[in-house]
Amino acid sequence: MKKKINTQSYIYGVTFFFITLSGFAQMPIFKRYYISDIPGLGWLANFYITHLIHYIFAGIFMGLVVYSISNFIIFKAGLVQLTRDIIIKIIIFSGLILTGSLMVIKNFSGTPFPNGMIIALDISHIMFCMALIIFGLYQLIKGKKELLSD
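The model shown is predicted, which means the values in this text are computed figures rather than measured ones.

(A) Spatial organisation of the overall build of the protein. Of regular secondary structure, the protein possesses 5 helices and 0 strands. Traced from its N-terminal end to its C-terminal end, the protein shows the element sequence α-α-α-α-α. In the protein, which comprises 150 residues, the proportion classed as buried is 27%. Considering only intrachain contacts with a sequence separation of at least 6, the fraction spanning at least 24 residues in the protein is 69%. By element, 74% of the accessible surface of the protein is carried by carbon and sulfur atoms, the whole surface being about 10,000 Å².

(B) Here's a closer look at helix α5 (residues 115–142). The end-to-end C-alpha distance of α5, which contains 28 residues, comes to 40 Å, matching closely the 40 Å that a straight helix rising 1.5 Å per residue would cover. When α5 is considered as a whole, its buried residues turn out to be L121, H125, L132, F135, G136 and Q139. On its buried face, α5 is in contact with α1 (7–25), α3 (47–76) and α4 (84–107). At the exit of α5 stands G143, carrying a positive phi of roughly 100 degrees.

(C) Highlighting the packing of α3 against α4. Running from N to C, α3 and α4 cross one another at 140 degrees; their axes reach a closest spacing of 11 Å. When the axis of α3 is compared with that of α4, the two are oblique. The crossing of α3 and α4 is left-handed. Contacts between α3 and α4 pair H51, Y55, F61, M62 and V65 from the former with F93, L96, I97, S101, V104 and N107 from the latter. Residues of the contact of α3 with α4, tallied by class, amount to 8 nonpolar, 3 polar and no charged.

(D) Inspection of unusual backbone geometry at higher detail. Even without being glycine, Y34 reaches a positive phi, approximately 60 degrees. Relative to the elements of secondary structure, Y34 occurs in the loop between α2 (29–32) and α3. Look at Y34 and you get exposed, because its relative accessible area is 58%.

(E) The arrangement of the packing of aromatic side chains in detail. The final tally for this structure, using the stated rule, is 7 aromatic pairs. For the pair Y12 and F16, a centre-to-centre distance of 5.9 Å together with 25 degrees between the ring planes defines the contact as stacked. In this pair, Y12 and F16 are both assigned in helix α1, 4 residues apart and thus about one turn of the helix distant. Relative accessible area serves as the criterion here: at 8%, Y12 is assigned to the buried category. For the ring pair Y12 and F61, a centre distance of 6.3 Å and an interplane angle of 40 degrees mean the geometry is tilted. With Y12 in helix α1 and F61 in helix α3, the pair connects residues that are 49 residues apart, well separated along the chain. In this pair, the class of Y12 matches that of F61, namely buried. Each residue in the set Y12, F16, F61 and F93 is aromatic and connected to the rest through ring pairs, giving one cluster.

(F) Fine view of the nonpolar core. Among the nonpolar cores identified, the biggest contains 12 residues, and these are Y12, I19, I53, F57, F61, L64, V65, I92, F93, L96, L132 and F135. At 5 residues, α3 tops the list of elements feeding residues into this core.

Calculation criteria
- Think of each chain on its own: its residues are numbered from 1, step by step along the sequence as written.
- Selection of residues for local features in this predicted model requires a pLDDT of at least 70, selection of side-chain atom pairs for listing and counting requires 80 or more, and totals for whole chains, interfaces and linings are taken over all residues.
- Side-chain figures throughout are based on the complete set of non-hydrogen atoms in the structure, without hydrogens or water.
- Strands here mean DSSP runs of E at least two residues long; helices mean DSSP runs of H or I at least four residues long; both are numbered from the N terminus.
- Relative accessible area decides the class of each residue, using a 1.4 Å probe on protein chains only: under 20% of the type maximum gives buried, over 50% gives exposed, and in between gives partly exposed.
- Here, two residues are considered to be in contact whenever any of their heavy atoms come within 4.5 Å of each other.
- Surface accessibility follows the Shrake-Rupley procedure with a 1.4 Å probe radius. Residue values consider only the protein chains on display as shielding.
- Expected span, for any helix, means 1.5 Å times one less than how many residues it has.
- As a rule, the C-alpha atoms of each element are fitted with a line to give its axis, helices using only the stretch in contact, and angles between N-to-C directions run from 0 to 180 degrees.
- For classification purposes, angles smaller than 35 degrees are called roughly parallel, those larger than 145 roughly antiparallel, those between 65 and 115 roughly perpendicular, and all remaining angles oblique.
- The sense of a crossing depends on the near helix, which, turned anticlockwise from the far helix by less than a right angle, makes the crossing left-handed and, turned clockwise, makes it right-handed.
- Each residue is assigned to one of three groups, with Ala, Val, Leu, Ile, Met, Phe, Trp, Tyr, Cys and Pro labelled nonpolar, Asp, Glu, Lys and Arg labelled charged, and all others, Gly among them, labelled polar.
- Working definition: rings of Phe, Tyr and Trp (its six-membered ring) pair if their centres are within 6.5 Å, and the pair is stacked with planes under 30 degrees apart, edge-to-face with planes over 60 apart, and tilted otherwise.
- Nonpolar core, defined: a set of buried Ala, Val, Leu, Ile, Met, Phe, Trp, Tyr and Cys residues in which side-chain atoms within 4.5 Å join the residues together.

What follows is the structure, given as structure tokens:
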């Protein structure tokens, strides 16, 4: 029996695609490997465009996470136990939101973050992103279609 894809899963998929694409574009790999030279993909080499796209979809991602938490607390809190997968999701999403929020604060002018902290934030944010990608692949292999809701 095929599972019906709901609107939340569709929005999450589109958000995940664009936040990942724009996140990788921040590291300028698209210009370095001439991917941005392909017609129609030149915007991937523009830091300010990809930065804005990353912020917009990060806001949508945080909204989806807050919606999922609210939905879980209101409708499922007494009915569903916290499984290992849910705990992993909580850790990964919390880490992404925390490191991403600190990186936004770091980008404000006059914010005195030491260089070591900036490097630690960058590396930890990338590690949480890779953990999310790996966990998402694990969920797909396992046959679970929805990453945000159980």
